[in-house]
Amino acid sequence: MSIQTVKGAPGHFRIGEGSLKELEILLSELKVQKIHIVCGKKAWNAVSTYLPEIITNLPMSSFTFIEGHCTLESVESISNHLSVNSVDAVIGIGGGTALDTAKASAINAGIKSILIPSIASTCAAWTPLSVFYDQNGVFTHYTEFPLANTLVLIEPAVIALAPVKYLRAGIGDTLAKYYEAEALLSAFFKNQELPVWLKVSKFSASICRDVLLQDATVAIQSASKGSVSDELVRVIEAIIMTGGMVGGFGGKAGRVAGAHSIHNGLTEANQARNFLHGELVAYGTLVQLALENKEQELLRLSSYYHEWGLPVNLKDLNIDPENKTLLEAIIKKATLPQESIHFMDINISEDALLSAIRNVEDLTFTKID
């Protein structure tokens, strides 16, 4: 029997109105005296009014404002600063870029990580993992960390007031977890009784799917009005908490499969650069379903996508499906030997992926009004 390491949850998770005001007390409990904040400027403006004065009155030397992508160079620069200045903890505020940068910097410096998502576009706040890109925004790799994050705090009002496109992207990214986990379990544990830790992962993936299919429509409507509803809170929890548990408990069997490889391939297309991670992953889920010959589920999911405003084909991503050169580049990157698409129990080739992409185009050609 192989040894399994479970990093199912951060050390502490708190969600609710006023949760960020408790940060001063929580820092004291963690014996944190010197902090450094890694965030985007928009995220800071959105979150700062909900924070205690001890945080908002910090000098500018205690901030790193993130621009661009999470890169090895930015992480190295920040972690060096943390070590030289004997910082006790990093507070990451923002979306995936800021949170991934903060996590990686904290791990490199050997200090605590406190994460405050300003949007619900991924499970980055929960997951002890960072996704890296090059300076041009092309995906390079992801790194899983040996320790879980220290603390995660969520103020639902912040996410309700954020641009709704981030919530849509989070829904797309999180829904993929169910379909990717199903594919991975079928490949890794064929005809086997699942160990308990993996049953937790599988159950979490099912919760992601069920909550999103039930509540995402109302949650998007709430966020469009800037208001917090029970449905929005459940969707936030599904995206950040339950979505993070899929990989936290499942490890490699709960991480990424075909949908995320398609996302990685799409980063080759300049036309797709303005789309969010979760939007590209959502399209990747449809292609994965086509690879698995699950046409009915593909059609069912695409109807939800139409309702939520997620892309269902290449044209929705501003990519010409007849651009053979670009398609070849996308497919080549998506099928690199190290890509997670090869974890699936399917013989993946460039021709097979091209056929699946064509199938998605054919099935989603007629938009649902």
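Per an unreviewed UniProt entry, the recorded name for the protein chain is Iron-containing alcohol dehydrogenase family protein, and the organism is Fredinandcohnia salidurans.

Asker: Please clarify how the side chain of Arg 255 should be interpreted in this entry.
Answerer: By the secondary structure assignment, Arg 255 is in the loop between α9 (230-250) and α10 (258-266). Here the side chain of Arg 255 touches Glu 144 through a polar contact of 3.2 Å, side chain to side chain. Once residues within four sequence positions are removed from consideration, Arg 255 is found in contact with Thr 127, Leu 129, Glu 144, Glu 180, Leu 184, Gly 247 and Gly 248.

Asker: Looking at this structure, how should I read the environment of Thr 140?
Answerer: Among the secondary structure elements, Thr 140 is positioned in strand β7 (residues 139-144). Put simply, Thr 140 and His 306 are 166 residues apart on the chain and 31 Å apart in space, counted from C-alpha to C-alpha. Every residue in contact with Thr 140, bar those within four places of it in the chain, is listed here: Phe 132, Tyr 133 and Asp 134.

Asker: Where do I start with unusual backbone geometry in this structure?
Answerer: Peptide bonds are mostly trans, and most non-glycine residues show a negative phi. Even without a glycine there, the phi angle at Asn 191 is positive, about 55°. Mapping Asn 191 onto the fold places it in the loop between α7 (164-188) and α8 (196-224). Phi angles above zero are rare outside glycine, and Asn 318 is one such case at about 65°. With respect to the element layout, Asn 318 can be found in the loop between α12 (295-308) and α13 (324-334). Under the relative-accessibility criterion, Asn 318 is labelled exposed at 53%.

Asker: How should the pattern of salt bridges be read in this particular structure?
Answerer: Side chains that differ in sign of charge can pair as their charged atoms come close. On inspection of all chains with the given rule, the structure shows 10 salt bridges. Note that Asp 345 is salt-bridged to Lys 190, the shortest N-O span being 2.5 Å. Of this pair, Asp 345 sits in the loop between α13 and α14 (350-363) while Lys 190 sits in the loop between α7 and α8, and the two are 155 residues apart along the sequence. The partly exposed category is assigned to Asp 345, whose relative accessible area is 46%. Residue Glu 193 pairs with Lys 199 through a salt bridge whose shortest N-O separation is 2.6 Å. Judged by relative accessible area, Glu 193 falls into the exposed class, the value being 62%. Through salt bridges that share partners, Lys 7, Glu 144 and Arg 255 make up one connected network.

Asker: Mind showing me how you'd approach the packing of aromatic side chains here?
Answerer: Between two aromatic rings, the relevant description is the distance of the centres plus the angle of the planes. Within the structure shown, the criterion is met by seven aromatic pairs. Relative to Trp 308, the ring of Tyr 304 lies with its centre 5.3 Å away and its plane at 40°, an arrangement referred to as tilted. One end of the pair is Tyr 304 and the other is Trp 308, both in helix α12 and four residues apart, which spans about a single turn. Taken together through their ring pairs, the aromatic side chains of Trp 44, Phe 63 and Phe 65 make up a single cluster. Geometry around Phe 65 places Lys 41 over its ring, the cationic atom sitting 6.0 Å from the centre.

Asker: Sorry if this is basic, but what is going on with α9 here?
Answerer: Given 3.6 residues per helical turn, the α-helix brings residues three or four places apart onto the same face. The end-to-end C-alpha separation of α9 is 28 Å, in line with the 30 Å expected for 21 residues at 1.5 Å each. Bending of α9 peaks at approximately 40° at the position of Ala 238. The first or second residue beyond α9 is Gly 251, which carries a positive phi of 60°.

Thresholds applied
Within each chain, residue numbers correspond to sequence positions counted from 1 in written order. Totals for whole chains, interfaces and linings use all residues, but because this is a predicted model, local features are given only for residues with pLDDT of at least 70 and pairs of side-chain atoms are given and counted only at 80 or more. Each side-chain value is derived from all of the structure's non-hydrogen atoms; neither hydrogens nor water enter the calculation. Secondary structure is summarised from DSSP: a helix means a run of H or I of at least four residues, a strand means a run of E of at least two, and numbering begins at the N terminus for each. Here a polar contact is taken to be a pair of N or O atoms separated by no more than 3.5 Å, where protein atoms must pair a possible hydrogen donor with a possible acceptor and residues adjacent in sequence count only if both atoms sit in side chains. Residue contacts are defined here by distance: any two heavy atoms, one from each residue, within 4.5 Å place the two residues in contact. Each residue gets one of three labels from its accessible area relative to the maximum for its type: buried under 20%, exposed over 50%, partly exposed in between, using a 1.4 Å probe on protein chains only. Salt bridges are identified by distance alone: a Lys or Arg side-chain nitrogen within 4 Å of an Asp or Glu carboxyl oxygen. Stacked, tilted and edge-to-face are the three classes applied to pairs of Phe, Tyr and Trp rings, where Trp contributes its six-membered ring and a pair requires centres within 6.5 Å; stacked means planes under 30 degrees apart, edge-to-face means over 60, and tilted covers the rest. In this scheme, the term charge over a ring applies when either NZ of a lysine or CZ of an arginine sits within 6 Å of the ring centre and within 35 degrees of the ring normal. A helix is expected to span 1.5 Å multiplied by its residue count minus one. What the bend at a residue measures is the angle between two axes, fitted to the seven residues ending there and to the seven starting there.

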